[in-house]
Amino acid sequence: MLFTAGITATGLMVASALGRLQPIALPAPTGSRSVGIAHIHWIDTSRLAPTASDGSRRIELTVFYPARRGGVPADYMSPEVSRARVAEHGAAQILFSDPAAVHLDARFEAPPVPVSRVIVFLPGAGQSTAEYDSLLEDQASNGIVVLAIDPAGNTPVSNGHGGVVPAESAVYSSPEDPAGLVSWGDRIARDWAADVAFVVERTSAHPGQIPGLSGWRPEAVGVVGHSIGGAAALEA
């Protein structure tokens, strides 16, 4: 019985390992526009963040925008970020596909198509915005500029396509005590709503830094999010 179980377990591991090597295609965007992608790194010096060595709060922004054909193909995640995310699963990582092998329809340095519709997106707790790339590039293909914020300390990965922040710097792990969940959620919502306010204010001051943005109207910006990011969107 133990011998049979061992063979079965080995077979599952081999099948999982082979499965990781299979190419994965994300759903094609539903809109008529090609999509560009860009990364913007801002610093909010007016606010403190324990994940920054100088105490200021880093704002990592991924922009998806309507574009014309051209540019450089973008990966779902860089190899460095992919390794950091997969490593979070420990020994079970063999069951997960390699995100670095997945590619987006979006392209870096794609010529932008000017539009005025803008949404700001916030992820769920512990999630990188890279894990929503397929949904976000779909919005851009339908004529919307998407400003996706990776809140500081939300994950060990600072940006879906950028550098890696040490895991011990992640500050948004939910408390084990259920009684602390409410204050925990309130704190996140306030912090992330402030991130949104900073992005809107910075974009108002420097709209040319956002590719594809034309006719910027801050009062018309939509804010959406997933899970706790949705709560922060309401707070914003």
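Residues numbered from 1 in each chain as written. Predicted model: local features only at pLDDT ≥ 70, side-chain atom pairs only at ≥ 80, totals over all residues. Heavy atoms only, no water.

**Q** Whenever I open this one, the sheet that holds strand 5 (residues 118-122) confuses me. Can you help?
**A** Strands in a sheet are paired, the pairing made by backbone hydrogen bonds, and the direction either parallel or antiparallel. Strands sit in the order 3-4-1-2-6-5-7 across an open sheet of seven strands; the sheet is mixed. The sheet terminates laterally at strand 3 (72-75) and strand 7 (222-225), the two strands that pair on one side only. Strand-to-strand twist of the sheet, defined as the mean angle between neighbouring strand axes without regard to direction, takes the value 35°. Looking at chain direction, strand 2 (residues 56-67) and strand 6 (residues 145-150) are connected through five bridges and run antiparallel. Bridging from a neighbouring strand, valine 63 pairs with leucine 147 of strand 6. Against the sheet, helix 3 (residues 133-141) engages strand 1 (34-48), strand 2, strand 4 (103-108), strand 5 and strand 6, with an angle of about 50° to strand 2. Strands strand 1, strand 2, strand 5, strand 6 and strand 7 of the sheet are contacted by helix 4 (residues 181-205), whose axis makes an angle of about 110° with strand 1. (Pairing = 2+ DSSP bridges. Helix = DSSP H or I, 4+ residues; strand = E, 2+ residues; numbered from the N terminus. Axes fitted to C-alpha atoms, helices over the stretch in contact; angles between N-to-C directions. Contact = heavy atoms within 4.5 Å.)

**Q** I would appreciate a short explanation of the pattern of salt bridges in the present structure.
**A** Oppositely charged side chains may form a pair once their charged atoms are brought near each other. Summed over the entire model, instances satisfying the criterion amount to five salt bridges. The residue arginine 217 makes a salt bridge to glutamate 219 at a minimum N-O spacing of 3.9 Å. In this structure arginine 217 comes out as partly exposed when scored by relative accessible area, which is 48%. Salt bridges sharing partners connect three or more residues here, namely Asp44, Arg47, Arg57 and Asp195. (Salt bridge = Lys/Arg side-chain N within 4 Å of Asp/Glu carboxyl O. Buried < 20%, exposed > 50% of the residue type's maximum accessible area, 1.4 Å probe, protein only.)

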